[in-house]
Amino acid sequence: MKRYFGPYRVTRKLSDVTFEVEPVDQPTRRRKTRDLVHVLRMKPYHDPEDQADLFKDLHLI
């Protein structure tokens, strides 16, 4: 089982530790699904293509 799911887009900050999020790749025809998430359950998203470019620049690939 995956520990993290995503990516998600933060749609609203409800408090210092609670955010409303929605899936980035959500189909437009379906009803919007939004979840409330505690900040400890979140981590930054890093685009794999950007990371590959970084490694190429560092000559690690």
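Cut-offs and rules
- Each chain carries its own residue numbering, running from 1 in the direction its sequence is written.
- Side-chain atom pairs in this predicted model are given and counted only at pLDDT of 80 or more, local residue features only at pLDDT of at least 70, and totals for whole chains, interfaces and linings cover all residues.
- Excluded from the side-chain calculation are hydrogens and water; included are all heavy atoms of the structure.
- Between any two strands, pairing holds if DSSP finds at least two bridges.
- By definition, any uninterrupted DSSP run of H or I lasting at least four residues is a helix, any uninterrupted run of E lasting at least two residues is a strand, and each is numbered from the N terminus.
- All axes here are fitted lines through C-alpha atoms, helices being fitted over the stretch that makes contact, and every angle between N-to-C directions spans 0 to 180 degrees.
- By salt bridge we mean one thing: a side-chain nitrogen of Lys or Arg within 4 Å of a carboxyl oxygen of Asp or Glu.
- Each residue is placed in one exposure class: buried if its accessible area under a 1.4 Å probe, protein chains only, is under 20% of its type's maximum, exposed if it is over 50%, and partly exposed if it falls in between.

- The name that an unreviewed UniProt entry assigns to the protein is Integrase p58-like C-terminal domain-containing protein, with the source organism given as Cordylochernes scorpioides.

Brief notes about the sheet that holds strand β3 (residues 35–38)
Alright, step 1. In spatial order, the strands read β1-β2-β3; together these 3 strands make up an open sheet with antiparallel pairing. Sheet topology places β1 (8–13) and β3 at the edges, where each strand pairs with a single neighbour. For this sheet the average axis-to-axis angle between neighbouring strands, irrespective of direction, equals 45°.

Here we look at the pattern of salt bridges
Alright, step 1. Counted under the stated rule, the structure contains 5 salt bridges.
Alright, step 2. Close ionic contact of arginine 12 with glutamate 20 constitutes a salt bridge, the shortest N to O distance being 3.4 Å.
Alright, step 3. The exposure class of arginine 12 is partly exposed, given its relative accessible area of 46%.
Alright, step 4. Overlapping salt bridges bring together Arg9, Arg12, Glu20, Glu22 and Arg34 as one network.

Considering the pairing of strand β2 (residues 18–23)
Alright, step 1. For β2, the tally of buried residues reaches 5 of 6 residues, placing the bulk of the element in the interior.
Alright, step 2. With 5 bridges joining them, β1 and β2 adopt antiparallel strand pairing. Pairing of lysine 13 across the sheet is with phenylalanine 19, part of β2.
Alright, step 3. Two strands pair when backbone bridges link them, and β2 and β3 are joined in this way by 4 bridges, in the antiparallel orientation. Each residue of the ladder has a partner; that of valine 21, found in β3, is aspartate 35.

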